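Secondary and tertiary structure notes
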Amino acid sequence: MSTPTSKYSEEILRRVDMMGTVSVQELSQIMGVSDQTIRRVTRPLAERGALSKVHGALVSNKSAMDPPFLSRMNLNRDAKVAIANKVAELVKDGDSLTIDTGSTSAFIAQVLRERRELTVVTNSAFVASTLAMIPGNNVSMAGTQLRDHDGASFDRSAFQVVERAQVDHCVLSASMVHPDKGFMVHEQCEVDMAYAMMNSASRSIMAVDASKFQPQTRKPSLRQPDLKTGDALVTNETPPEAFSEVLSHLEIHIAD
């Protein structure tokens, strides 16, 4: 039988794994309990290695190929905001889009709240909820079962909804850019969804910040589908010369 402490433990672990890093004070506010309760419950969790405690913050020890979604949104935040603004310049009122579940795509969705009469198909609960209640928008959430770490759906119904769409743009993201292989991700479902979104769109927009052109400790091994001539890359710095060949057929937009 679950005790109040065990229930708090489960909820704290879920929250920390989702957010990556969260302060004790912030978590106490989210859960509606005291700082002392958070510290008392997390002490044994830290002792058994379920999470880490660093300078008043709780850090997830969950093994994942990508950091948790909210944690990723805080990485290179200024660059992602600049990229989002540049992508929004490519989208007009009344356009239709598919949007993937990357953290940069989440910032793009926030900026697109300034557009009107958009038709949006997405497998991201964050993107859907950000754009759904804008008057005049028509937003379809693709899928029913959501992943616990980023609120994304990759079930059968998600692909069915995306494959039936016919849109002006698809907005994609990647975990890394390789100078020979192009845009890379960690999971096959992300590759499959990118194919579905690209096949439904007249034009693809790849949005990645400059850090994705640097070597990474956790290297993704799966290639995103090749972008077509005239598709767009939006980033915040001019890509290094080593990437010139793999990007030569793309329309490159540098965000200020």
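For the structure itself, look to the data block above.
Reference entry: report on the structure contained in this document.

Turning our eyes to something else, we now look at the pattern of salt bridges. Tallied over the full model, the rule gives eight salt bridges. Measuring nitrogen to oxygen at the nearest pair gives 2.6 Å for the salt bridge that ties aspartate 150 to arginine 147. Each member of the pair, aspartate 150 together with arginine 147, is buried. Here arginine 147 ties to glutamate 190 by a salt bridge, and the two come within 3.8 Å at their closest N and O atoms. Taken together, the residues span a long stretch of sequence, with arginine 147 in the loop between β6 (138-141) and α8 (156-164) and glutamate 190 in helix α9 (residues 188-199) at a distance of 43 residues. When salt bridges with common partners are traced through the structure, they connect Arg147, Asp150, Glu187 and Glu190 into a single cluster.

A few words on the packing of α8 against α9. Look at α8 against α9: their axes get within 8 Å of each other, and the N-to-C directions meet at 25°. Classified by the angle between their axes, α8 and α9 sit roughly parallel to one another. Note on element contacts: α9 touches α8 through Cys189, Asp192, Met193, Ala196 and Met197, opposite Ala158, Phe159, Val162 and Glu163. Looking at side-chain class alone, the contact of α8 with α9 contains seven nonpolar, no polar and two charged residues.

Attention now moves to the pairing of strand β4 (residues 96-99). Alternating positions in β4 separate into two faces, Ser96 and Thr98 on one and Leu97 and Ile99 on the other, with burial throughout. The sheet contact formed by β4 and strand β5 (residues 119-122) spans four bridges and is parallel. The partner of serine 96 across the bridge, within β5, is threonine 119. For the crossover that starts at β4, traverses helix α6 (residues 103-111) and ends in the parallel β5, the hand is right-handed. Taken together, the three bridges between β4 and strand β7 (residues 167-172) define a ladder with parallel strand orientation. In the sheet register, threonine 98 faces β7, and the bridge partner there is cysteine 170.

Turning our eyes to something else, we now look at the sheet that holds strand β9 (residues 182-185). Read from one edge of the open sheet, three strands run β8-β9-β11, paired in antiparallel fashion. Two strands lie at the open edges of the sheet, namely β8 (176-178) and β11 (222-223), each paired on one side alone. Bridging between β8 and β9 involves three bridges; their strand directions are antiparallel. Considered in β9, the bridge of histidine 178 is made with glycine 182.

Attention now moves to the packing of aromatic side chains. The tally for this structure, following the rule as stated, stands at one aromatic pair. Both rings, one in phenylalanine 213 and one in phenylalanine 243, keep their centres 5.0 Å apart while their planes meet at 90°; by these two values the pair is edge-to-face. Of this pair, phenylalanine 213 sits in the loop between β10 (201-207) and β11 while phenylalanine 243 sits in the loop between β12 (232-235) and β13 (251-254); the two residues are 30 residues apart in sequence, bridging distant segments of the chain. For the pair phenylalanine 213 and phenylalanine 243, one class covers both residues: buried.

Moving on, we get to the environment of arginine 218. Note on placement: arginine 218 falls in the loop between β10 and β11. Exposure remark for arginine 218: the relative accessible area of 43% places this residue in the partly exposed category. Separated by 43 residues in the primary sequence, arginine 218 and serine 175 have C-alpha atoms spaced 9.7 Å apart.

Moving on, we come to the side chain of arginine 203. For arginine 203, the location among the structural elements is in strand β10. What arginine 203 contacts, discounting residues up to four positions off in sequence, is Leu90, Asp168, His169, Cys170, Gly230, Asp231, Ala232, Glu251 and His253.

Our next topic: the nonpolar core. With 29 residues, the main nonpolar core has Phe183, Met206, Val208, Leu233 and Leu247 as its most contacted residues. Elements with a contribution of two residues or more to this core: α8, β7, α9 and β10. Residue contributions to this core peak at five residues, all from α9. Each residue touching methionine 206, except ones within four places of it in the same chain, is listed here: Leu172, Ser173, Ala174, Phe183, Leu227, Ala232, Leu233 and Val234. With 24 residues, the next largest nonpolar core counts Val91, Leu97, Val127 and Val234 among its residues.

Cut-off values and rules
- Residues numbered from 1 in each chain as written.
- Predicted model: local features only at pLDDT ≥ 70, side-chain atom pairs only at ≥ 80, totals over all residues.
- Heavy atoms only, no water.
- Salt bridge = Lys/Arg side-chain N within 4 Å of Asp/Glu carboxyl O.
- Buried < 20%, exposed > 50% of the residue type's maximum accessible area, 1.4 Å probe, protein only.
- Helix = DSSP H or I, 4+ residues; strand = E, 2+ residues; numbered from the N terminus.
- Axes fitted to C-alpha atoms, helices over the stretch in contact; angles between N-to-C directions.
- Parallel < 35°, antiparallel > 145°, perpendicular 65-115°, else oblique.
- Contact = heavy atoms within 4.5 Å.
- Nonpolar A, V, L, I, M, F, W, Y, C, P; charged D, E, K, R; others polar.
- Pairing = 2+ DSSP bridges.
- Right-handed = clockwise from strand over helix to strand, strands pointing away.
- Phe/Tyr/Trp six-rings, centres within 6.5 Å; stacked < 30°, edge-to-face > 60°.
- Core = buried A, V, L, I, M, F, W, Y, C linked by side-chain atoms within 4.5 Å.

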